[in-house]
Amino acid sequence: MNLHETIEHILRSNPAYIGENGEILKTKVIEAVSNLDSFLVKAFRDNEITCKVFFSQIEDTWVLNQEKLKWVVNSKEFLEDSYTAYTSEIGLTTGGRFLSASTDVVLDFPYKDAIVVGGQDKDDQKRQEIMYHEILGYDQITNLKAPKVLANAKRYTSEGTEDDIILDDNDNLIIKGNNYAALNSLLERYKEKVKLIYIDPPFNTLNDSFQYNDRFNRATWLTFMQNRLKIAKKLLKSSGIIFVQIDKNEEHYLKVLMDKIFGEENFVNSIAVQSSTASGNKTAHKDKTIIKTKDSILVYKNSTNIILNPQYMAQDKWDTHFNSILHKGDNGYETLSLRDYMIQEGIIPEDYKIDENSINDEFFLNFVFENRKKIYTTKSSIPKVIKEESISKQGEIISYFDNNNEPQFALNGRRLGFLNNNIKYVDGEEVIAKLVTDIWVDINFNNTQNEGGISFPAGKKPEQLLKRIIELSTNRGDLVLDFFVGSGTTASVCHKLNRRYIGIEQMNYINNLTVQRLKNVISGDKSGISTLVDVNWQGGGTFVYCELLEDSQRLIDMIISANEDTIQGIKETIYHSEQIVPYILTSDLKKADKVFSELTLEDKKEVLIGLIDKNKLYVNYSSIDDDEYEVSEEDKAFSKSFYEGSGSHE
């Protein structure tokens, strides 16, 4: 038997490592290795093949190389599903453990590369995201969670770019780097300071790039989300709130996870957002399914202490309940229908109908606005004690305060609701409005791909959507975080609405898309919400861009961008790097070259990425003075201002 067959034979001799369907439970095996399970250690020591590979002898003592055994068990060649330590069980359990008890970390996440596939209409364009993920055990991530050196910082202003800067408390911030590492670094400065978090994470559908690697199953996706949401909660103020946009595939699983992290009692609502229409190719299978036209946004508060700013949307039709107008006759005020009054006063002809189209009738609309304080609908009866007092006041309007100390008006024993109370400012203009609830159908998702002056054909959210979320949950000067910032919609809208913001993005397009979009905003970008009356964006403001100082991350970037012509040379660079996992020998890698050459390009990339020591993705702040990393004085000064709060700018 070869090594893998030998390991499998040993593991199958212990029922504790075998699942219901006869599969080897790798999580159980890795846990046993970590805990130096007596059965496993003895079995591997007593076998000649495994003893030679995994043990070394120091005098009379045999020492097990735990990390090497973990790596072999978790390798693709050992088990076909080895790139995830979880199974897609119903409910949030994995390997017999509750997901919430897991200390694993899903390190990498899909890159939001937008590729439009031929033959798709706009509604069917999905992000094709390149996915290289890896699951790390808790003992592997200690250094990964440490604060990182921040490099290449610059401040963008309307006057140009400032280099050699230090961070001020009022600075907006865009960070390039893995968002798990970046979020951990943010804790040093921004713990309990964020008012709103909005994220639009990868949806884990068959159409996005979690499908790119089919080993990224539901439980792994949930672990990936759990890793980040736990840190996000620590960044929120007690009065903070989080909005997570998601679709049907993971919505309900994600809600269970967020119930655990934020508390079921802190669930606010699930907002249904119409994000497309039932048209084009989308309707091809209408006889087999119910067409999807919405996303959901899960909303959680961080504690019981939140105050929202109610939002309103314009009415799309006339509310015919407002069918009465105050008319004072000889015996006081009397009930007169709006239509009869308008006919009586010669305002409209007798054949005029007040229907839902009237709200688009400029003549009618001008009349109701002018008479907004007299047009009303009758509501519920007034309280009994007030009703008794008003018996002698027929034809008179009485006023009183309700239990919420709100002023109310009544006529002839019935409460009045005046149209004036339904006229609100929406986007800076007065309209007949209705309260925004948990169903949003009035936001246009079409033609958003060029908002901000940059092209991002798929996955970009409308600025109007973020405007509503931001205005609902924050006030001027509040801090907003988006750690899947993508094309920069959240940051752009925050900038235009005078909110502070932090955005995190790992993709290299951050400079061509995210940063460029914010530069356009500073220059007075007129797209998106800019021309709305209540925004009237004229430009201005600043933001700071910086990067987690890369160490082995640059090797991963090289691998990801490789092709068949360059992958061999990159492999040689990796083989001789000091940034690969320490227990892998170059001689062992060379022996496997024949197998490597037979892999597909994508498998080659995965194998090479798996060799990188993930604790060395970025340079730790604690190593800032280490000569090995040659951190510049400018980077040292900026990092110090970030973590130690020194300095300011005007």
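Reading the values: the criteria
Within each chain, residue numbers correspond to sequence positions counted from 1 in written order. It should be noted that, the model being predicted, local features are given only for residues of pLDDT at least 70 and side-chain atom pairs only at 80 or more, the latter also being counted only at that level, while totals for whole chains, interfaces and linings use all residues. The side-chain numbers reported here are obtained from all heavy atoms of the structure, hydrogens and water having been left aside. Burial classes: relative accessible area under 20% of the type maximum marks a residue as buried, over 50% as exposed, and values in between as partly exposed (1.4 Å probe, protein chains only). Working definition: helices are DSSP H or I runs of at least four residues, strands are E runs of at least two. Numbering for both runs from the N terminus. Pairing between two strands requires that DSSP report at least two bridges joining them. Contacts were defined at the residue level, with two residues in contact if any of their heavy atoms lie within 4.5 Å. Between N-to-C directions, angles cover 0 to 180 degrees, with each direction set by a line fitted to C-alpha atoms, over the stretch in contact for helices. The criterion is simple. A nonpolar core is a set of buried Ala, Val, Leu, Ile, Met, Phe, Trp, Tyr and Cys residues joined through side-chain atoms within 4.5 Å. By convention in these notes, a salt bridge is any Lys or Arg side-chain nitrogen within 4 Å of a carboxyl oxygen on Asp or Glu.

Novice: Could you clarify how one ought to interpret helix α13 (residues 489–496) in this entry?
Specialist: What sets the pattern is the α-helix's 3.6 residues per turn: residues three or four places apart point alike. For α13, the buried fraction is high: 8 of the 8 residues fall into the buried class. If you check which residues of α13 are buried, you get T489, T490, A491, S492, V493, C494, H495 and K496. Phi for N498, located one or two positions after α13, is positive at around 60 degrees.

Novice: Honestly, the sheet that holds strand β8 (residues 160–162) in this entry has me stumped. Any pointers?
Specialist: The pairing of strands in a sheet happens through backbone hydrogen bonds and is either parallel or antiparallel. The 11 strands are arranged β8-β7-β26-β9-β25-β24-β10-β11-β13-β12-β23 in an open sheet whose pairing can be described as mixed. The open sheet terminates on both sides in strands that have one partner only, identified here as β8 and β23 (439–440). Where strand β24 (residues 479–482) meets strand β25 (residues 500–505), 4 bridges bridge the pair, whose relative direction is parallel. Residue pairing across strands places L479 opposite R500, the latter belonging to β25. Helix-sheet contacts for helix α6 (residues 179–190) involve β9 (173–176), β10 (194–199), β24, β25 and β26 (543–548), and the interaxial angle to β25 is about 150 degrees.

Novice: Can you walk me through the nonpolar core in this structure?
Specialist: The nonpolar side chains of soluble globular proteins are, as a tendency, buried together. Counting 75 residues, the largest nonpolar core has L186, L229, L254 and L481 as the members making the most contacts within it. Per element, the largest residue contribution to this core is 8 residues, and it comes from helix α7 (residues 218–235). Each residue touching L254, except ones within four places of it in the same chain, is listed here: W221, L222, M225, L229, V244, I246 and L298. One finds L465, I522, I529 and F543 within the second-largest nonpolar core, a separate group that totals 39 residues.

Novice: What am I meant to see in the environment of I443 here?
Specialist: With respect to the helices, strands and loops of the structure, I443 is situated in the loop between β23 and α12 (463–473). Separated by 170 residues in the primary sequence, I443 and V273 have C-alpha atoms spaced 8.1 Å apart. Residue contacts for I443: discarding those within four places in its chain leaves Q274, P462, Q464, L465 and R468.

Novice: Got a minute to help me understand the pattern of salt bridges in this structure?
Specialist: Across all of its chains, the model carries 23 salt bridges by this definition. Here E463 and R517 are joined by a salt bridge, their closest N and O atoms 3.0 Å apart. Here R517 lies in helix α14 (residues 511–522) and E463 lies in helix α12, a separation of 54 residues in the sequence. Exposure remark for E463: the relative accessible area of 0% places this residue in the buried category. Put simply, E633 and K636 hold a salt bridge, and the shortest N to O gap is 3.6 Å.

Novice: I keep staring at the environment of T27 and nothing clicks. Help me out?
Specialist: Residue position: T27 is located in helix α2 (residues 26–34). Residue T27 is classed as buried on the basis of its relative accessible area of 10%. A sequence separation of 46 residues divides T27 from V73, and the C-alpha atoms of the two residues are 9.7 Å apart.

Novice: Explanation requested: the environment of A219 in the structure shown.
Specialist: Relative to the assigned elements, A219 resides in helix α7. A C-alpha to C-alpha distance of 9.4 Å links A219 and Y253, two positions 34 residues apart in sequence.

Novice: Quick question: what am I supposed to make of the pairing of strand β19 (residues 407–411) here?
Specialist: Looking down a regular strand, the side chains alternate between one sheet face and the other. Note: strand β18 (residues 397–401) against β19, 5 bridges, orientation antiparallel. Among the inter-strand pairings, I397 is bridged to a residue of β19, identified as L411. What sits between the antiparallel neighbours β18 and β19 is a turn of 5 residues, in which N405 has the positive phi angle 65 degrees. When β19 meets strand β20 (residues 414–418), the two strands line up antiparallel, connected through 3 bridges. Within β20, the residue paired with F409 across the bridge is L416. Hairpin remark: β19 followed by β20, antiparallel, with 2 residues in the connecting loop; positive phi at N412, about 55 degrees.

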